[in-house]
Amino acid sequence: MRAGPASPPHGTYCLSGTGRERAGSAHNGGMDPTSPLEQTLHTARALVLADLASGEVAAADVVSMVEDSVVQRRWWVEQWPDGAAFVAGLVAQDVQDALLERYGRWPLCPVCGSGDPHALDVEPELGPDPHWVCHKAGVKVASVGSLGSAMGGGPSS
Ligand SMILES: [Zn+2]
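Below or above, wherever it landed, is the structure these notes cover.

Scanning the protein for helices and strands turns up 4 helices and 3 strands. When the helices and strands of the protein are read in sequence order from the N terminus, they spell out α-α-α-β-β-β-α. Buried residues in the protein amount to 25% of all 157 residues. The contacts of the protein with a sequence gap of at least 6 include a subset with a gap of at least 24, amounting to 55%.

With that out of the way, let us pick up helix 1 (residues 36-54). An ideal rise of 1.5 Å per residue puts 27 Å on 19 residues; helix 1 measures up with 27 Å between its terminal C-alpha atoms. Of all the positions in helix 1, only Thr40, Leu41, Ala44, Arg45, Leu47, Val48, Asp51, Leu52 and Ser54 are classed as buried.

For the pair helix 1 and helix 3 (residues 87-102), interaxial distance at closest approach is 9 Å and the crossing angle is 45 degrees. Taken together, helix 1 and helix 3 sit at an angle that is classed as oblique. When you trace helix 1 past helix 3, the crossing you get is right-handed. Facing Thr40, Leu41, Thr43, Ala44, Arg45, Leu47, Val48 and Asp51 of helix 1, the residues of helix 3 in contact are Val87, Ala88, Val91, Ala92 and Val95. Residues that form the contact of helix 1 with helix 3 fall into these classes: 9 nonpolar, 2 polar and 2 charged.

Here strand 2 (residues 131-134) pairs with strand 3 (residues 139-143) via 4 bridges, running antiparallel. Looking across to strand 3, one finds that His131 is bridged to Ser143.

Another aspect to go through is the sheet that holds strand 2. As summarised here, the arrangement of the 3 strands in space is 1-2-3, forming an open sheet in which the pairing is antiparallel. In this open sheet, the two edge strands, each paired with only one partner strand, are strand 1 (121-123) and strand 3. Shown here is a sheet whose adjacent strand axes are inclined to one another by a mean of 40 degrees, direction ignored.

Criteria and cut-off values
Residues numbered from 1 in each chain as written. Predicted model: local features only at pLDDT ≥ 70, side-chain atom pairs only at ≥ 80, totals over all residues. Helix = DSSP H or I, 4+ residues; strand = E, 2+ residues; numbered from the N terminus. Buried ≥ 20, exposed ≤ 12 C-beta atoms within 10 Å, placed from the backbone. Contact = placed C-beta atoms within 7 Å. Expected span 1.5 Å × (residues − 1). Axes fitted to C-alpha atoms, helices over the stretch in contact; angles between N-to-C directions. Parallel < 35°, antiparallel > 145°, perpendicular 65-115°, else oblique. Left-handed = near helix turned anticlockwise from the far one by under 90°. Nonpolar A, V, L, I, M, F, W, Y, C, P; charged D, E, K, R; others polar. Pairing = 2+ DSSP bridges.

Structure (C-alpha cells):
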C-alpha cells in the first residue's frame, strides 16, 4: 500500500518547548504571588480598595467584598487569560453591586453638586483602563483607583 507523500511538518507550529509550563505550581495550587495573574489581581484589589477608602465605606466587611470578588475573578481570568486587563473594572463593578445591596449607591457622583444623588458607573464594563463616569453629566470622573483625587477636591480651580 502507498504511504503517500510525507506530510510536511506543521510549519511554524512547534509544540515542543513553547507550550505553557505546566509544572512548578503544584505545591501550592497556583497561588504564586509573583505570577502575572496574581499581580493583576493584587493591582485590581489595590485600586478598588483605594477608591473605597476615598469614600466613607472602607469598613471591614467592605474589604471582604473585595476579597470575594478577587476570588471569583481569579477563577474567571484563569479561564480567560486575555481578560486580565479587564479585572480591575470587573472587581470595581462587583463591589459596587455588593455595596448596593448592603449600603446603597457607591461611589456617589462628586461632579453634580445638586439634584438627586447618583452613583458613578464603570466604563468600559468589560475592557482595559476602566474609568468612573457620570452618565448624568456625561463626564469621566476618574480612573478606577484614582477616585480619591476626584472626591477629595484637589486643586481643580
Ligand atoms: Zn453626576
